[in-house]
Amino acid sequence: MSPASTGASAVVDARSPVPVTDSRMAPGGPGYRRMSFALFLAGVATFALLYSTQALLPLISGEFGVAASEASWTVAAATGGLALFVLPMSALSERFGRRTVMTGSLAVAVTVGLLVPFAPSLPALVVLRAVQGAALAGLPASATAYLAEEVRPRALVTAIGLFVAGNSVGGMSGRVITGWVAQEWGWRVAVGVIGAIAVACAVAFRLLLPAPRHFAAGSLKPRVLLGTVREHLANPLLCRLYAIGALFMTVFGGVYTVIGYRLTEAPFSLPQGIIGSIFLVYLVGTVSASTAGRLVGRLGRRGALYLAGGTTATGLAVSLAPSLPLVLLGLVLITAGFFAGHAVASSAVSKTATTGRAQASALYQSAYYIGSSAGSTVGAIAFHAGGWAGTVAVGLLAVLGVVTITVIGSRAARAVAVGQPA
């Protein structure tokens, strides 16, 4: 097999062969920094757009005269649209290339983002957000597949961690900026500003991202796609990772959809700008996601997931206190645990799938954003029924699910190690 067909390069001496070297990118190597920064910016744009209305839900509720559970659909529609379209978008990326699909997805999403401020009603706003989420579906799975193909395996967790860190920065900056802008000029101007920032990120992404060198076009035939999906869904490890991603995101979606309502009420009664600044705790997620590779190196994948789940559960419990410093501490722990768990699970999917990586990543992203939609909706309903304690209860049940699935995985791995059926 030739070097071109293996994705490697080789130099052969007339007397003795030189070992084949891996031509994929690695930290310190050519193109790695440009690639990392480009995908970081893509992550910023994706999360800033996807959750641009989340910190503004109390203002949206006020303008349209609706409850939290209804306003939360502006978040759930976007994440639901992404969940539904991520698999078809991944199929397009297999045929037309990761960079092409990511560029097109960002172009459509930022265009819709510039229309969102002019939505005349809540139903119109929800529809625009659903379209925006569907457009953004081309980013997550294509990005992780691009990294799996273009980055050396030992650097993959770190590279995906940086992409996830971009997500956390986008989520944080979007919420902080919208909070302060909305306090002065309203939620419509705030989401318009986020749209403009996303445009800048999209342009920089396209200029910086290196052309793929190891992509091989696949088939768009439905039979081939369905066969690949069936293969992934028949893999117990991949299914466990999909469920873990969904459950972690259920916690995160519920907490951050409802937290604005809690902080506007007594005993806190905070203004919109301060509530937006609460999302600075996303910086903790940036750190925990980017260090996920070292965490896995020390504790192993399952050990890292146990630690992430325990940290998230502790944060949920601490956030119950009627004290603003303790609520903030709880959010810090929840955010750190979530982003670490997400980075570990998503990178494990890319390592586990040896074929159809875009579809494997797409199934993970679909489960992940279904969890986000479920968390946003169920968390808001639980808050309406039982206050913050109701939302925390939903989160703790989801964390219990993460731990249970990880225990099942540990037992299956031990069974395989001793030669028993898993």
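The preceding data block contains the structure.
Predicted, not measured: the structure shown is a model, and the values here were computed from it.

Caption draft 1: Structural context of the overall build of the protein chain. Helices and strands together make up the secondary structure of the protein chain, namely 17 helices and 0 strands. Here the C-alpha radius of gyration of the protein chain, 21 Å, is about what a compact globule of 422 residues would show, namely 22 Å. Here the C-alpha coordinates of the protein chain stretch approximately 80 × 50 × 40 Å along the principal axes. Residues counted as buried form 55% of the 422 residues belonging to the protein chain. Excluding contacts between residues fewer than 6 apart, the proportion of contacts in the protein chain whose partners are at least 24 apart in sequence is 82%.

Caption draft 2: Fine view of a nonpolar patch on the surface. On the surface, L114, V199, V203 and L207 cluster together into a nonpolar patch covering about 350 Å² of accessible area. Among the elements that make up the nonpolar patch, the one with the highest residue count is helix α10 (residues 187-208) (3 residues). As for its position among the elements, V199 is in helix α10. The class for V199 is partly exposed, based on a relative accessible area of 30%.

Caption draft 3: Highlighting the pattern of salt bridges. Scanning all chains against the criterion turns up 2 salt bridges. Here E63 and R188 are joined by a salt bridge, their closest N and O atoms 2.7 Å apart. Here R188 lies in helix α10 and E63 lies in helix α3 (residues 57-64), a separation of 125 residues in the sequence. For E63, a relative accessible area of 42% translates into the label partly exposed. Overall, R188 belongs to the partly exposed group, its relative accessible area being 25%. For R98, the salt bridge identified is with E149, shortest N-O distance 2.3 Å. One end of the pair, R98, is in helix α6 (residues 98-115); the other, E149, is in helix α8 (residues 140-150), and 51 residues separate them in sequence.

Caption draft 4: Main features of the packing of aromatic side chains. Applying the stated criterion to the full structure yields 10 aromatic pairs. Considering the side-chain rings of F338 and F339, the 4.8 Å spacing of their centres and the 70° angle between planes classify their relative orientation as edge-to-face. Each member of the pair, F338 as well as F339, carries the same accessibility label: buried. Ring plane angle 85° and centroid distance 4.7 Å describe the contact between Y368 and Y369, whose orientation is recorded as edge-to-face.

Caption draft 5: Quick look at the packing of helix α2 (residues 32-50) against helix α9 (residues 156-185). Where α2 meets α9, the closest approach of the two axes is 6 Å, and the angle between their N-to-C directions is 35°. The element α2 and its partner α9 pack so that their crossing is right-handed. Between α2 and α9, the residues in contact are Y32, S36, L39, F40, A42, G43, V44, F47 and A48 and T158, A159, L162, F163, A165, G166, N167, V169, G170 and G171, respectively. Taken together, the residues that form the contact of α2 with α9 break down as 12 nonpolar, 7 polar and no charged.

Caption draft 6: Layout of helix α11 (residues 222-233). Compared with the 16 Å implied by 1.5 Å per residue over 12 residues, the 16 Å span of α11 between its first and last C-alpha is a close match. All buried positions along α11 are accounted for by T228, V229 and H232. Summarising the axial view, the buried residues of α11 lie within an arc of 100°, below the 170-degree limit, and thus occupy one face. Residues R223 and R230 are exposed on α11 and point more than 90 degrees away from its buried face.

Caption draft 7: Focus on the environment of G309. The residue G309 is located in helix α15 (residues 292-318) in this model. Here G309 falls in the buried class, since its relative accessible area comes to 0%. A C-alpha to C-alpha distance of 23 Å links G309 and T144, two positions 165 residues apart in sequence. With residues up to four places along the chain from it excluded, the contact list for G309 reads F248 and V399.

About the cut-offs
Residues numbered from 1 in each chain as written. Predicted model: local features only at pLDDT ≥ 70, side-chain atom pairs only at ≥ 80, totals over all residues. Heavy atoms only, no water. Helix = DSSP H or I, 4+ residues; strand = E, 2+ residues; numbered from the N terminus. Rg over C-alpha atoms; globule rule 2.2 N^0.38 Å. Buried < 20%, exposed > 50% of the residue type's maximum accessible area, 1.4 Å probe, protein only. Contact = heavy atoms within 4.5 Å. Patch = residues over 30% accessible without salt bridge, like charges linked within 9 Å, V, L, I, M, F, W, Y side chains within 5 Å. Areas by Shrake-Rupley, 256 points an atom, 1.4 Å probe, with all protein chains shown as cover. Salt bridge = Lys/Arg side-chain N within 4 Å of Asp/Glu carboxyl O. Phe/Tyr/Trp six-rings, centres within 6.5 Å; stacked < 30°, edge-to-face > 60°. Axes fitted to C-alpha atoms, helices over the stretch in contact; angles between N-to-C directions. Left-handed = near helix turned anticlockwise from the far one by under 90°. Nonpolar A, V, L, I, M, F, W, Y, C, P; charged D, E, K, R; others polar. Expected span 1.5 Å × (residues − 1). Arc of directions from axis to C-beta.

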